[in-house]
Amino acid sequence: MTEEIEMNDKLSRRDFVRAGTAATVAAAVPAAALAQAPTALVRRATPPVVISSGNGHVYRNGGPRTCVEEAWQRIARGEDVLDSLIAGVNIVELDPEELYVGYGGLPNAEGVVQLDSCCMHGPLKRAGGVAALEGVRTPSRVARAVLDHTDHHLLVGAGAQAFARQMGFPIEADLNTEKSRARWLEWKRRVDPGHWLDPAKRSDAAEAARRSMVADGLLGFTRSWGTINCDGVGPKGEVCGVTTTSGLAFKIPGRVGDSPILGAGLWVDDAVGAAGSTGRGEANLYNLSSFLIVEEMRRGRGPKDAAVEALRRIKASTVEKRLLDARGNPAFQVIFYAVSKKGEYAGVSMYAREGREAERFAVCTEKGPELLGCEPVFGEAPSA
């Protein structure tokens, strides 16, 4: 850890709160009482807030802080909000124990790790993304480079990798860890390698293999679509967001879900707030749900109610029998994370839990980091 970070870490949350309180009191004192000048109205600072999927307050990659802690501390000491969020998700991307994001993320059907990410900077009105990127452990940083150095929003595949190399990112031949490779080999053992099925069967064989691995404790049910979304609001009301993932476990090579797609896996409007998602990307893509959530907040709904509306839209648009449970509800999980420019936030899930794990989201404010339960829309998980 650098000397600068060690010095800046001395800024405790208590110091931050005191500083904010002092600024608020100073703003409230009439200017005439200070310098006999006309009274001026000064805009109060917004207390910084960082919100993310639950893995944002689980993994540390051997360091002292989780994603939301790192991002919040950087925002509190005045760093750019998007840079702070990316520094936070880098912790998760680089942690080899996280099987669903970055380095060591579960590979595609051919055993190759392909990563997706996008980011949006509210004040600058800029965005960048990469999809099906191979060989770079931190796709969120490459997405930021797309935002900074190009006139484009999305680079994919070999083009994204070539761009990353041009930007100085080291390219590795294989991002698998022994853990992720072992999971892939087990999946290959359970499914016919020639799993291109006829249209009537779709991907039933691959799904059956995934479900059997869940039942044996080798995969978490919801984590088949593991991702991290992280959004934040700075002290001046700056809104930014980032989403990064290794995508659907054992996907068809080249498959891209919602995570790097603006309006689906992430949407930021600096005048309103931000929203992002984890879960079944195809369902989110069909509805551009993150954009919908922010637009609902623009119309006056709070983050929770806006996210609930998005999940109801997904339910209404899910009509294929293979995607429905015995009750006629979606047989998959989707979770949304939303934060308003005023610092209000919510985590809302399709179901309360899947398997034994309750759905949670992470948040960090001046009170510190915590994991909170997501608000479920349709009760318990779908039946298997």
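J.: Any chance you could explain the overall build of the chain here in plain terms?
T.: What the chain contains, in helices and strands, is twelve helices and 15 strands. Excluding contacts between residues fewer than 6 apart, the proportion of contacts in the chain whose partners are at least 24 apart in sequence is 65%. Approximately 17,100 Å² of the chain is accessible, and the part contributed by carbon and sulfur atoms is 53%.

J.: Can you walk me through the pairing of strand β1 (residues 49–53) in this structure?
T.: Remember that side chains alternate between the two faces of the sheet whenever the strand is regular. For β1, a buried count of five out of five residues is recorded, marking the element as mostly surrounded by other parts of the structure. In terms of strand pairing, β1 meets strand β5 (residues 227–233) through four bridges, oriented antiparallel. Within β5, the residue paired with V50 across the bridge is G232. Where β1 and strand β13 (residues 360–365) come together, four bridges link them in antiparallel fashion. Within β13, the residue paired with I51 across the bridge is V363.

J.: What's the story with the sheet that holds strand β4 (residues 154–156) in this structure? I'm lost.
T.: As a general point, the strands of a sheet are linked pairwise by backbone hydrogen bonds and lie either parallel or antiparallel. Read across the open sheet, the eight strands follow the order β4-β3-β2-β6-β5-β1-β13-β14; overall the sheet is mixed. Looking at which strands have only one partner, the edges of the open sheet turn out to be β4 and β14 (368–373). Taking the axes of each pair of neighbouring strands and ignoring which way they run, one obtains an average angle of 10 degrees across the sheet. In terms of strand pairing, strand β2 (residues 115–121) meets strand β6 (residues 239–245) through six bridges, oriented antiparallel. Bridging from a neighbouring strand, M120 pairs with G241 of β6. Each of β2, β3 (126–133), β4 and β6 is contacted by helix α6 (residues 139–149), which is oriented at about 135 degrees to β3, the strand it contacts most.

J.: Hey, could you run me through the sheet that holds strand β10 (residues 345–349) in this one?
T.: Ordered in space as β7-β8-β9-β10-β15, the five strands form an open sheet in which the pairing is mixed. The two strands at the open ends of the sheet, each matched to only one other strand, are β7 (266–269) and β15 (375–376). Across four bridges, the pairing between β7 and strand β8 (residues 273–279) is antiparallel. Looking at β8, one finds that D269 is bridged to G273.

J.: Help me out: how do you make sense of helix α7 (residues 157–166) in this one?
T.: Counting along an α-helix, one turn takes 3.6 residues, and residues three or four places apart therefore face a common direction. Of all the residues in α7, the buried ones are G157, A160, F163 and A164. Burial along α7 is one-sided: seen end-on, the buried residues are contained in an arc of 120 degrees. Within α7, the exposed residues directed more than 90 degrees away from the buried face are A158 and Q166. Summarising the contacts, the buried residues of α7 are in contact with β3, α6 and β4.

J.: Can you walk me through the packing of helix α4 (residues 67–76) against helix α5 (residues 81–94) in this structure?
T.: In a packed pair of helices, the relevant descriptors are the angle between the two axes and the axis-to-axis distance. At their nearest, the axes of α4 and α5 sit 8 Å apart, and the two run at 155 degrees to each other. One way to sum up the angle between α4 and α5 is to call them roughly antiparallel. Handedness of the crossing formed by α4 with α5: right-handed. For the pair α4 and α5, contact is made by C67, E70, A71, R74 and I75 and by V81, S84, L85, A87, G88, V89, I91 and V92, respectively. Within the contact of α4 with α5, the residues separate by chemical class into nine nonpolar, two polar and two charged.

J.: In this structure, what is going on with the pattern of salt bridges? I would like to understand it.
T.: Any two side chains of opposite charge can pair, given that their charged atoms come close. For the structure on display, the rule yields 23 salt bridges. A salt bridge links R65 to E70, with the nearest nitrogen and oxygen atoms 2.6 Å apart. You'll find R65 and E70 in the same group, each marked buried. One salt-bridge network, held together by shared partners, links R65, E70, R74, R77 and E79.

J.: What is the right way to read the packing of aromatic side chains from this model?
T.: How two aromatic rings sit relative to each other is set out by the distance from centre to centre and by the angle between their planes. As enumerated under the stated definition, the model contains four aromatic pairs in all. Each ring, one from W187 and one from F250, has its centre 4.8 Å from the other, and the planes form 15 degrees; the classification is stacked. Of this pair, W187 sits in helix α8 (residues 178–190) while F250 is found in the loop between β6 and β7, placing the two residues 63 residues apart along the sequence. For the pair shown, W187 and F250 are each scored as buried. An angle of 75 degrees between the planes, with centres 5.3 Å apart, marks the rings of W267 and F291 as edge-to-face. Taken as a pair, W267 in strand β7 and F291 in helix α11 (residues 289–298) lie far apart in primary sequence, 24 residues in all. Over the aromatic face of Y103 sits the side chain of R137, whose NZ or CZ is 3.7 Å from the ring centroid. A cation sits over an aromatic face here: R280 above F332, 5.6 Å from the ring centre.

Conventions used here
- What you see as residue numbers is a count from 1 along each chain, following the sequence as written.
- It should be noted that, the model being predicted, local features are given only for residues of pLDDT at least 70 and side-chain atom pairs only at 80 or more, the latter also being counted only at that level, while totals for whole chains, interfaces and linings use all residues.
- Excluding hydrogens and water, the side-chain figures rest on all heavy atoms present in the structure.
- Elements are defined by DSSP. Helices are runs of H or I of four residues or more, strands are runs of E of two residues or more, and each kind is numbered from the N terminus.
- By the convention used here, residues are in contact when the closest approach between their heavy atoms is within 4.5 Å.
- The Shrake-Rupley method, run with a 1.4 Å probe sphere, supplies the accessible areas, and residue values consider only the shown protein chains as cover.
- For every residue, the accessible area (1.4 Å probe, protein chains only) is compared with the maximum for its type, and the residue is labelled buried under 20%, exposed over 50%, or partly exposed between those bounds.
- A pair of strands counts as paired when DSSP detects no fewer than two bridges linking them.
- Axis lines are fitted through C-alpha atoms, for helices just across the contact stretch, and the angle between N-to-C directions can take any value from 0 to 180 degrees.
- To be clear, the arc concerns the directions from the helix axis to the C-beta atoms.
- These descriptions rest on fixed angle ranges, namely under 35 degrees for roughly parallel, over 145 for roughly antiparallel, 65 to 115 for roughly perpendicular, and the rest for oblique.
- Less than a right angle of anticlockwise turn of the near helix away from the far helix marks a crossing as left-handed, whereas a clockwise turn marks it as right-handed.
- As a working rule, the residues Ala, Val, Leu, Ile, Met, Phe, Trp, Tyr, Cys and Pro are called nonpolar, Asp, Glu, Lys and Arg charged, and the rest polar, with Gly in that last group.
- The salt bridge definition used is simple: a Lys or Arg side-chain nitrogen within 4 Å of an Asp or Glu carboxyl oxygen.
- When two rings of Phe, Tyr or Trp (its six-membered ring) have centres within 6.5 Å they constitute a pair, described as stacked for plane angles under 30 degrees, edge-to-face for angles over 60, and tilted for the intermediate range.
- Criterion for a charge above a ring: Lys NZ or Arg CZ within 6 Å of the ring centre, and within 35 degrees of the ring normal.

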